[in-house]
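Residues per chain, in single letters:
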Amino acid sequence: MKVGIDSIAFSTSKYFLKLETLALHRRDDYEKYYIGIGQKQMSVFPPNEDIVTIAIDATQKAVAMLPDKNDIDLLIFATESSFDLSKSAGIYVHRFLQLKENCRVFDLKQACYSATAALQLAKSYVKENPRSKVLVVASDIVKYLPNTSGEPTQGGAAVSMIVAKDPRILTLEPHSGIHTTDIMDFWRPIYKSEALFDNKLSVYNYLKSLNITLERYLEASHLNISDLDCVCYHAPFCKMARKANQQTFKNKFLENSLIYGSLIGNSCSASIYICLLSLLDNTPEDLGEKRIGFFSYGSGSVAEFFSGIISAGYKEMLAPESNRQMIEDRRETPFEEYESIFSGTSAPVSRKYQNVGPVALVKIENDKRIYEFLCPNKNL
Ligand code: CAA
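Residues numbered from 1 in each chain as written. Predicted model: local features only at pLDDT ≥ 70, side-chain atom pairs only at ≥ 80, totals over all residues. Heavy atoms only, no water.

## What to know about the domain arrangement of the chain
- Here the chain is partitioned into domain 1 (3-170 + 316-373) and domain 2 (173-314).
- For domain 1 versus domain 2, the distance between C-alpha centres works out to 18 Å.
- Of the residues lining the interface, 62 residues belong to domain 1; the matching set on domain 2 comes to 51 residues.
- Taken over both partners, the interface formed by domain 1 and domain 2 buries close to 4,400 Å², and the fraction arising from carbon and sulfur atoms is 59%.
- On the domain 1 side of the interface with domain 2, the three residues burying the most area are Cys-112, Tyr-113 and Leu-170, jointly 14% of the side's total.
- The interface formed by domain 1 and domain 2 contains 0 salt bridges.
- Counting across the domain 1 and domain 2 interface gives 30 residue pairs in polar contact (both at pLDDT 80 or more).
- Put simply, the parts of the chain that give the side of domain 1 that touches domain 2 at least two residues each are β1 (3-11), α2 (30-37), β3 (41-44), α5 (114-128), β6 (133-142), β7 (155-165) and α11 (320-328).
- Within the side of domain 1 that touches domain 2, the residues separate by chemical class into 31 nonpolar, 22 polar and 9 charged. (Domains from an automatic or database assignment. Contact = heavy atoms within 4.5 Å. Buried area = accessible area lost by both parts, 1.4 Å probe. Salt bridge = Lys/Arg side-chain N within 4 Å of Asp/Glu carboxyl O. Polar contact = N/O pair within 3.5 Å; in protein donor to acceptor, adjacent residues only side chain to side chain. Helix = DSSP H or I, 4+ residues; strand = E, 2+ residues; numbered from the N terminus. Nonpolar A, V, L, I, M, F, W, Y, C, P; charged D, E, K, R; others polar.)

## Points about unusual backbone geometry
- Cis rather than trans, the peptide bond between Gly-300 and Ser-301 has omega equal to 0°.
- Of note, Ser-301 is situated in the loop between β12 (291-298) and β13 (302-310).
- The backbone of Arg-27 shows a phi angle near 50°, a positive value even though the residue is not glycine.
- One non-glycine residue with positive phi stands out, namely Gln-98, at about 50°.

## A few points about the sheet that holds β3
- Strand order in this open sheet of 3 strands is β3-β2-β14, and the pairing throughout is mixed. What marks the edges here is a single partner per strand, and that holds for β3 and β14 (331-332).
- Note: strand β2 (residues 15-18) against β14, 2 bridges, orientation parallel. The partner of Phe-16 across the bridge, within β14, is Glu-332. (Pairing = 2+ DSSP bridges.)

## Observations concerning the packing of helix α6 (residues 199-221) against helix α7 (residues 238-248)
- Orientation of α6 relative to α7, taken along the N-to-C sense of each, is 40°, at an axis distance of 11 Å. The orientation of α6 relative to α7 falls into the category oblique. Handedness of the crossing formed by α6 with α7: right-handed. Every residue of α7 that contacts α6 at Val-203, Tyr-206, Leu-207, Leu-210, Asn-211 and Leu-214 is listed here: Met-240, Ala-241, Lys-243, Ala-244, Gln-247 and Thr-248. (Axes fitted to C-alpha atoms, helices over the stretch in contact; angles between N-to-C directions. Parallel < 35°, antiparallel > 145°, perpendicular 65-115°, else oblique. Left-handed = near helix turned anticlockwise from the far one by under 90°.)

## So, the state of the cysteines
- With the rule as written, the count across this model stands at 0 disulfides.
- Here Cys-230 stays free of any disulfide, with the sulfur of Cys-232 as its closest cysteine sulfur at 5.2 Å.
- Cys-230 sits in the buried class, given a relative accessible area of 1%.
- In this structure Cys-238 is not part of a disulfide, and its nearest cysteine sulfur, from Cys-275, lies 7.1 Å away.
- You can call Cys-238 buried: its relative accessible area is 2%. (Disulfide = S-S within 2.5 Å. Buried < 20%, exposed > 50% of the residue type's maximum accessible area, 1.4 Å probe, protein only.)

## A short note on the sheet that holds β6
- Spatially, the 9 strands line up as an open sheet ordered β5-β4-β6-β7-β1-β8-β13-β12-β11, and their pairing is mixed. Only two strands of the sheet have a single neighbouring strand rather than two, namely β5 (104-108) and β11 (230-233). Direction aside, the axes of adjacent strands within the sheet are offset by 25° on average.
- The strands that α6 touches are β8 (170-180), β11, β12 and β13; relative to β8, the one it contacts most, it runs at about 125°.

Below you can see the structure in the form of structure tokens.
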């Protein structure tokens, strides 16, 4: 039975900061950000937007492609930027999407790898329950301390994917190469909202993990590197994916997969699937029946190399124009505003900022996050 991605959509915030602006205020050379790191802009998230609100926006678009959302009986929410150590962020998505009550919901965490773990779990679940559909949501907002080398790689996005049999976008293949090792290359203690990192170690371990997992994948699958038509990488910044591609694969198709990420910034768990969407949306040739490799990396660290075959007719399931429009429609944030948003001095109750989707975080009352539809009586 073929199982894989049947529907996919993404969302990011309504605001962005130009990296030229950041470079100017940090007295850094813009060429370092643009060429050295490979980033042009980063999405900036106002206080009324969080991993839940963007996840709801992405999910309503992914679910709209299904004949019946009642087929979803498992929702896995992958994130490393959760605000609650107990309650799942997925439950808010479940409520606002009005999914059936007879549906398992939980969050998964392992840095930027967790959405891949969710996808593989979903594949096994559908193989056991062929009538079921699984909703995999990856949503992250990445923050580093100001004036650190990580600052120009901040960003965020949510990707929602429906995993089902006879998928209309991509069939997951059976083999993977996996590598887990205990390393402190990037981490976020629970008392901090900004991530900490060891820049050189993280880049070194990413590339080392790629070598190990690719070799294991090729050995398990009895395939050669030439059997892959293209590879999508976890892209914490675009230059990282370019370095990875140079090491293994020498540039085939790669640039199309990095268009969205260069404008959004790092979206951690969502990043590799943003690359997939960017590749599918921005490649004019028909990629039907092509084999795509995936290198998923989560610091700490767990890495996996796996592959999938693009379905014939996949273009009918995409919305490239509206995806590009969503990025284009973002408003530029002046630097002072970026700093005020970052420092948390803008109150969530203020209606000063727009939301990208139908739901806003309107206040935090008694330590409870209160979300509301922007248009009352909205039915998703
Ligand atoms: N013009 C053009 N290029 C320039 C330049 C200039 N004026 N100045 C510097 N550069 C180039 C450098 O030559 C270098 O290029 P190479 O990588 O090809 O050598 C590049 O810009 C970066 O410069 P540095 O090596 O000096 O970079 P840095 O110490 O400032 O760190 C970083 C850069 C690693 C991207 C940093 O942003 C960082 O630490 N980010 C957070 C951690 C991270 O993303 N790690 C990636 C792997 S971990 C992971 O993938 C998980 C995750 O999502 C975080």
